Structure formats: structure tokens, C-alpha cells
Amino acid sequence: MKTHKSKILAALTVCHGIYKKAVFVLNGQPVKIHFLTMDEYRGMVDNLTPARTHEWAGVLKKVDERKPIYYCIWTVQVTECHLITNKIQELIDAVITEHVATFEMDIPSIEIRGQQEAN
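Owing to the predicted nature of the structure, the values given are computational and were not obtained by experimental measurement.

### Points about the confidence of the model for the protein
Right, so step 1: Here the protein averages 86 in pLDDT, while 94% of its residues score no lower than 70.
Right, so step 2: Mean pLDDT values for the elements of the protein range from 73 in strand 1 (residues 2–4) up to 93 in helix 2 (residues 38–46).

Have a look at this one:
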């Protein structure tokens, strides 16, 4: 299914209030997205190693913890990429180069916010 970036943006906006995390396949590229609340974001930042905190310093300065936060992980060739942002458009631009893209969810990967986590 071909989708315009604006539809992907709308879908991810809706997902933030429902999902805790999920894997989306954007143009064949799996992207793991954690939809963070302010408290979850603060906890994640508090648990970063000093090296990772230094590495991500520029990105962390741009995040407004009062707005929805997206922590995204994907792989380019063999390099694991990370992005923490309030801006879905920034996420889409980082992962998708064309204006029209394929977009699907990996249904088993979805964790719905508020559900008990299985251990």
C-alpha cells in the first residue's frame, strides 16, 4: 500500500495516546518506536550511560518533555540509528526519503498503553 507522508504523520499521532511501543515498517525498514510520556522519558534519560548521554546531548537538548516524545530505533546497513524527538516529521524525514512510502505495523510488536506487561 502506497501512503503519503501526511497519512503516516496522522497515524503516528493517533498511536501516541494508545501505544507504549510498536514496530512500524516504513519503506521496508523496520522502525521500533517507543511512545514516551514525560515520566518515561525522564526515566530513560536517567538510565543512560555517561557515554550515551554525551553522545545524545544535542538531541536531548531539543526535546520538550511536556510534548509527546518519540524514541525511535532503526538500522541503516549495519549501523543502529537512534532518534529522540517531539516531531514526527523529523522521524519520517530521517527514515523515508520519498514523498510516497509504504507503511505497515508489525502487529505482534504492539504494546498498548495501560495493559499489564507480560514477563
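Still more to cover.
### Overview of helix 5 (residues 88–95)
Right, so step 1: The complete set of buried residues in helix 5 reads Ile88, Leu91, Ile92 and Val95. In a view along the axis of helix 5, the buried residues occupy a sector of 95°, so they form one face of it.
Right, so step 2: Where helix 5 is buried, its residues contact helix 1 (5–18), strand 2 (19–26), strand 3 (29–36), strand 4 (69–76) and strand 5 (79–85).

### Notes on the environment of arginine 42
Right, so step 1: Position of arginine 42 relative to the elements: it lies in helix 2.
Right, so step 2: Along the sequence, arginine 42 and glutamate 65 sit 23 residues apart, while their C-alpha atoms lie 8.0 Å from each other.

### Observations concerning the packing of aromatic side chains
Right, so step 1: Applying the stated criterion to the full structure yields 5 aromatic pairs.
Right, so step 2: Taking the centre distance of 5.7 Å and the plane angle of 10° together, the rings of phenylalanine 24 and phenylalanine 103 count as stacked. Within this pair, whereas phenylalanine 24 is found in strand 2, its partner phenylalanine 103 is found in strand 6 (residues 100–112), the two being separated by 79 residues in sequence. Phenylalanine 103 carries the same exposure label as phenylalanine 24, and that label is buried.
Right, so step 3: Ring pairs connect the aromatic residues Tyr19, Phe24, Phe35, Tyr70 and Phe103, which therefore count as one cluster.

### Side note on the nonpolar core
Right, so step 1: Among the nonpolar cores identified, the biggest contains 23 residues, and Ile8, Leu12, Phe24, Val31, Ile33, Phe35 and Leu91 are the most heavily contacted of them.
Right, so step 2: Of all the secondary-structure elements, those providing two or more residues to this core are helix 1, strand 2, strand 3, strand 4, strand 5, helix 5 and strand 6.
Right, so step 3: Residues contacting phenylalanine 35, with those up to four places away along its chain left out, are Leu12, Cys15, His16, Tyr19, Lys20, Lys21, Ala22, Phe24, Glu40, Ile69, Tyr70 and Arg113.
Right, so step 4: Core analysis: the next-biggest nonpolar cluster, separate from the first, contains 11 residues, Leu36, Leu48, Val63 and Ile73 among them.

### Let's talk about a nonpolar patch on the surface
Right, so step 1: Taken together, the side chains of Val14, Ile18 and Ile112 define a hydrophobic patch exposed on the protein surface, amounting to about 240 Å² of accessible area.
Right, so step 2: By the secondary structure assignment, isoleucine 18 is in helix 1.

### Thoughts on the pattern of salt bridges
Right, so step 1: For the structure shown, the criterion picks out 6 salt bridges.
Right, so step 2: Glutamate 40 is the salt-bridge partner of arginine 113, the closest N and O atoms lying 2.9 Å from each other. In this pair, arginine 113 sits in the segment after strand 6 while glutamate 40 sits in helix 2, placing the two residues 73 residues apart along the sequence.
Right, so step 3: Of the residues examined, glutamate 40 reaches a relative accessible area of 24% and is grouped as partly exposed.
Right, so step 4: With its nearest N and O atoms 3.0 Å apart, the salt bridge here joins aspartate 64 to arginine 66.

About the thresholds
- Residues numbered from 1 in each chain as written.
- Predicted model: local features only at pLDDT ≥ 70, side-chain atom pairs only at ≥ 80, totals over all residues.
- Heavy atoms only, no water.
- pLDDT = per-residue confidence, 0-100.
- Helix = DSSP H or I, 4+ residues; strand = E, 2+ residues; numbered from the N terminus.
- Buried < 20%, exposed > 50% of the residue type's maximum accessible area, 1.4 Å probe, protein only.
- Arc of directions from axis to C-beta.
- Contact = heavy atoms within 4.5 Å.
- Phe/Tyr/Trp six-rings, centres within 6.5 Å; stacked < 30°, edge-to-face > 60°.
- Core = buried A, V, L, I, M, F, W, Y, C linked by side-chain atoms within 4.5 Å.
- Patch = residues over 30% accessible without salt bridge, like charges linked within 9 Å, V, L, I, M, F, W, Y side chains within 5 Å.
- Areas by Shrake-Rupley, 256 points an atom, 1.4 Å probe, with all protein chains shown as cover.
- Salt bridge = Lys/Arg side-chain N within 4 Å of Asp/Glu carboxyl O.

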